[in-house]
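What the coordinates show
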Amino acid sequence: MTLLHKRRKGYHGGRNGGIGQALFHPDHVVPGVKLVSAAVEGAHDFVAAPGMEINAGASQVGVAVRNRCGDAGVQHLYILSAGGVLQRVVQPGAQTTATAVLPQIDAGFRQAAEEYPDIAFALLNGAESTPEKAANGNVASLLPNAEQIGWIAGALAGLMTESGKLGFIGGMELDTTKGKIAGFEAAAKYVGEQEGKTVELLAVPYANSFSDAPKGKEFATELISQGADVFFGDASAVDSGAREAIDAANEKAGAIKIYDIGQPADILGQNPCIICSQVTDNAAMIGVCMEAVVAGTFGGNTIFGTLENGALSAGAINTELVPAEKVEKYNAYLQQMMDGTFMK
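Quantities reported herein were computed from a predicted structural model and do not represent experimental measurements.

Right, let's get into the packing of helix α9 (residues 213-225) against helix α10 (residues 237-253). Interhelical geometry of α9 versus α10 gives an angle of 45° and a closest axis separation of 6 Å. In terms of their interaxial angle, α9 and α10 are classed as oblique. Considering only the axes of α9 and α10, their crossing is right-handed. Every residue of α10 that contacts α9 at Ala 213, Gly 216, Lys 217, Ala 220, Thr 221 and Ile 224 is listed here: Ala 237, Val 238, Gly 241, Ala 242, Glu 244, Ala 245, Ile 246 and Ala 249. Looking at the contact of α9 with α10 residue by residue, the classes come out as 9 nonpolar, 3 polar and 2 charged.

Below, the structure written as structure tokens:
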């Protein structure tokens, strides 16, 4: 299997994976299934406006389902992004937290699915437990493999760190975030050990937001002061603030010596500090989901996006900052991840 191919300054293992664009990719049109809600669209159904009471979500979804699912001769798939709902509910400065909101999303989603048993309902970035708690067998969870996401970034971080100290900035304290942190730390320490380094992940701060860029800048500045020289995160606009701080520190030093690994799309070139990206192709997960609907195997389980099914990959590498021998080693580690031999 060919894992990577040349692209621009480096290598790329998959398409960009932003939530909005990925769900309409033509490669994932499956005859016999109508996708009646993209992830972001579903989030807008659930919470029509920022600050709206989330307990109204199930009825909002019900209205959307009734309006869009009248086609004869096809099966319908409704997708809701838990992360999209969180972005609309947990605003900067809000007292509520993701921990408090997620059970409400889960309950409202399962309520809507119970009212429409003939429609397939998929919850993107929700909980693995959602399908088993559903009243009917028409519910599945869609999750990228958080550990593998961490591996993809951590292996490169382990190769590139000189200080031996890494930074990770979290948006909200979710189980998926914790999985990414664990994978990132384990991979970086393993690769660092192979390189004769001792690698440490500094204490992870959480912004309790996906949109508070100033908080990301604040956190990154503090982590840089503690010696962090490679960063990763899963906090959207918060990550943008972190990269602003990294770029400022590099400019002050007169050289790019502190690096960032982007996500969940290939964002090489967006900031001078970016050396690569971890790419999540939600469309690949949706494709697997749609095929399961057609095959009659949908529901009652969690569908994971992985390196193996093409949902996860490494983006282009900045070969102006990453030496050729480290690119070669990184590609070898990615292949090990695909083969199931990484860290074994």
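The next point concerns the packing of aromatic side chains. One pass over the full model with this rule turns up 9 aromatic pairs. Judged by centre distance (5.8 Å) and plane angle (80°), the ring pair of Phe 109 and Phe 121 falls under edge-to-face. Taken as a pair, Phe 109 in helix α5 (residues 98-115) and Phe 121 in strand β5 (residues 120-124) lie far apart in primary sequence, 12 residues in all. The interplanar angle of 75° and the centroid separation of 6.0 Å between the aromatic rings of Tyr 333 and Phe 342 together place this pair among those described as edge-to-face. Judged on exposure class, the residue Tyr 333 and its partner Phe 342 are both buried. What links up through ring pairs into an aromatic cluster is the set Trp 151, Tyr 190, Tyr 333 and Phe 342.

Time to look at the pattern of salt bridges. The final tally for this structure, using the stated rule, is 9 salt bridges. Between Asp 106 and Lys 133 there is a salt bridge whose closest N-O contact spans 3.3 Å. In this pair, Asp 106 is assigned in helix α5 and Lys 133 in helix α6 (residues 130-133), connecting sequence segments 27 residues apart. Given a relative accessible area of 7%, Asp 106 falls into the buried group. Across the salt bridge formed by Asp 260 and Arg 243, the nearest N and O atoms sit 3.1 Å from each other. Here Asp 260, found in strand β10 (residues 259-262), pairs with Arg 243, found in helix α10; they are 17 residues apart in sequence, far enough to count as distant. Each member of the pair, Asp 260 as well as Arg 243, is classed as buried.

Analysis parameters
- Residues numbered from 1 in each chain as written.
- Predicted model: local features only at pLDDT ≥ 70, side-chain atom pairs only at ≥ 80, totals over all residues.
- Heavy atoms only, no water.
- Axes fitted to C-alpha atoms, helices over the stretch in contact; angles between N-to-C directions.
- Helix = DSSP H or I, 4+ residues; strand = E, 2+ residues; numbered from the N terminus.
- Parallel < 35°, antiparallel > 145°, perpendicular 65-115°, else oblique.
- Left-handed = near helix turned anticlockwise from the far one by under 90°.
- Contact = heavy atoms within 4.5 Å.
- Nonpolar A, V, L, I, M, F, W, Y, C, P; charged D, E, K, R; others polar.
- Phe/Tyr/Trp six-rings, centres within 6.5 Å; stacked < 30°, edge-to-face > 60°.
- Buried < 20%, exposed > 50% of the residue type's maximum accessible area, 1.4 Å probe, protein only.
- Salt bridge = Lys/Arg side-chain N within 4 Å of Asp/Glu carboxyl O.

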